[in-house]
Amino acid sequence: QQSEQVAEQKNENQQQTPTTEPPVKEEKNLKYQIVYELSNKRYDGGKNYYVLIDPIDLSSDNFKADIKAMAKKIVAEKGKKVSIELHDSKESLNISYKQYGDQSLGRPRTDEENKIEERHFIAAYDGELQTGIYPNSLMFFPGAFKDSPEVGKYVETIEFDASK
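The shown structure was predicted, so the numbers you read here are calculated from the model rather than taken from an experiment.

**A look at the overall build of the chain**
Here comes step 1: Looking only at helices and strands, the chain features four helices and six strands.
Here comes step 2: For the chain, the N- to C-terminal ordering of α and β elements is α-β-β-α-β-α-α-β-β-β.
Here comes step 3: For the chain, the computed accessible surface area is about 10600 Å², with 45% contributed by carbon and sulfur atoms.

**Quick notes on the packing of aromatic side chains**
Here comes step 1: Overall, the coordinates contain eight aromatic pairs when judged by the stated rule.
Here comes step 2: Judged by centre distance (3.7 Å) and plane angle (5 degrees), the ring pair of tyrosine 36 and tyrosine 97 falls under stacked. Taken together, the positions of tyrosine 36 in strand β1 (residues 32–38) and tyrosine 97 in helix α3 (residues 90–101) put the pair 61 residues apart, joining distant regions of the chain.
Here comes step 3: Residue tyrosine 36 is classed as partly exposed on the basis of its relative accessible area, which comes to 23%.
Here comes step 4: Sitting over the ring of phenylalanine 140, lysine 64 keeps its end group 4.7 Å from the ring centre.

**Quick look at the pairing of strand β2 (residues 47–53)**
Here comes step 1: A large share of β2 lies buried, amounting to six of its seven residues.
Here comes step 2: Bridge count for β1 against β2 is six bridges, and the pairing is antiparallel. By the bridge assignment for β2, isoleucine 34 is matched with valine 51.
Here comes step 3: Pairing of β2 with strand β3 (residues 82–87), which is carried by six bridges, proceeds in the parallel orientation. When the sheet's bridge partners are listed, asparagine 48 is paired in β3 with serine 83.
Here comes step 4: A crossover connection joins β2 to the parallel β3 through helix α2 (residues 63–78); in handedness this β-α-β unit is right-handed.

**Digging into α3**
Here comes step 1: When the terminal C-alpha atoms of α3 are compared, their 14 Å separation across 12 residues is substantially less than the 16 Å that a helix rising 1.5 Å per residue should span.
Here comes step 2: When α3 is considered as a whole, its buried residues turn out to be Ser92, Leu93, Asn94, Ile95, Ser96, Tyr97 and Gly101.
Here comes step 3: Buried residues along α3 sit in contact with β1, β2, β3, α4 (111–120) and β4 (121–126).
Here comes step 4: Of the residues one or two after α3, glutamine 103 is the one with positive phi, at around 55 degrees.

**A word on the environment of glycine 127**
Here comes step 1: Among the structural elements, glycine 127 can be located in the loop between β4 and β5 (137–140).
Here comes step 2: On the basis of relative accessibility, which here comes to 0%, the residue glycine 127 falls in the buried class.
Here comes step 3: Remark: the alpha-carbon pair of glycine 127 and isoleucine 84, spanning 43 residues in sequence, is separated by 8.6 Å.
Here comes step 4: Leave out the neighbours within four places in its chain, and glycine 127 touches Arg42, Lys80, Lys81, Val82, Pro135 and Asn136.

**Looking at the environment of proline 135**
Here comes step 1: By the secondary structure assignment, proline 135 is in the loop between β4 and β5.
Here comes step 2: What proline 135 contacts, discounting residues up to four positions off in sequence, is Asp126, Gly127, Glu128, Leu129 and Gln130.

**Brief notes about the pairing of β4**
Here comes step 1: Summarising burial for β4: six of the six residues are buried, a large majority.
Here comes step 2: Looking at chain direction, β3 and β4 are connected through five bridges and run antiparallel. Note that in β4 the partner of histidine 87 across the bridge is phenylalanine 121.
Here comes step 3: In the sheet, β4 pairs with β5 via four bridges, with the strands oriented antiparallel.

**Section: the confidence of the model for the chain**
Here comes step 1: Residue-level pLDDT values for the chain average 87, and 82% of them are 70 or greater.
Here comes step 2: The model gives residues 2–27 a pLDDT under 50, and that stretch makes four contacts with residues more than four places away or in other chains.

Rules used in this analysis
- Residues numbered from 1 in each chain as written.
- Predicted model: local features only at pLDDT ≥ 70, side-chain atom pairs only at ≥ 80, totals over all residues.
- Heavy atoms only, no water.
- Helix = DSSP H or I, 4+ residues; strand = E, 2+ residues; numbered from the N terminus.
- Areas by Shrake-Rupley, 256 points an atom, 1.4 Å probe, with all protein chains shown as cover.
- Phe/Tyr/Trp six-rings, centres within 6.5 Å; stacked < 30°, edge-to-face > 60°.
- Buried < 20%, exposed > 50% of the residue type's maximum accessible area, 1.4 Å probe, protein only.
- Lys NZ or Arg CZ within 6 Å of the ring centre and 35° of its normal.
- Pairing = 2+ DSSP bridges.
- Right-handed = clockwise from strand over helix to strand, strands pointing away.
- Expected span 1.5 Å × (residues − 1).
- Contact = heavy atoms within 4.5 Å.
- pLDDT = per-residue confidence, 0-100.

Next up, the structure:
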C-alpha cells in the first residue's frame, strides 16, 4: 500500500505541460498501380501513364497532398516528361484509356460513363508539356466542372512541378 502511495505522489509531481505546437499533418500516401503505359501519344516523346489509386476521401481536400506525393514519386521513377492520369476506379481508368489511350472505345462516352469519369478521374499531371497553360500542371477532377455537386469544389488546375 505504501508503494502505491509513493507511485501516486510521483505522478502528482510530474505535471504534464500542454503543447502549444499544432499537430503534425500526416500524408497518407495512397497506394497506386500503373496499369497502362504509352509511349506514342505525346508529340514530344513523353510517356503517358494510366494509374489506379485507392479510393479517396472527399470529406476534405487532404487527398490533394497525397496526389502531389504520388506524382512526385512517379516522376522520380519515370522522368520529368510524363502525363499521368490518376483514377480511383478501374472502370473510370478503362473508360479513359479506351477513349484516349488505345482509342478502342470508338464512340462518344455515354452519360453514365461521363458521371463515372466526373467522380473517379481524380487528377491528371502533365510534366514538361509545352502545350498546356503551364509546362508542369496538375488538374484535380479534370472530368468535372466546378458546379458538379459532389466534386466541383475540388476542381482546379495548378502549376505544379513534380520533379521538385
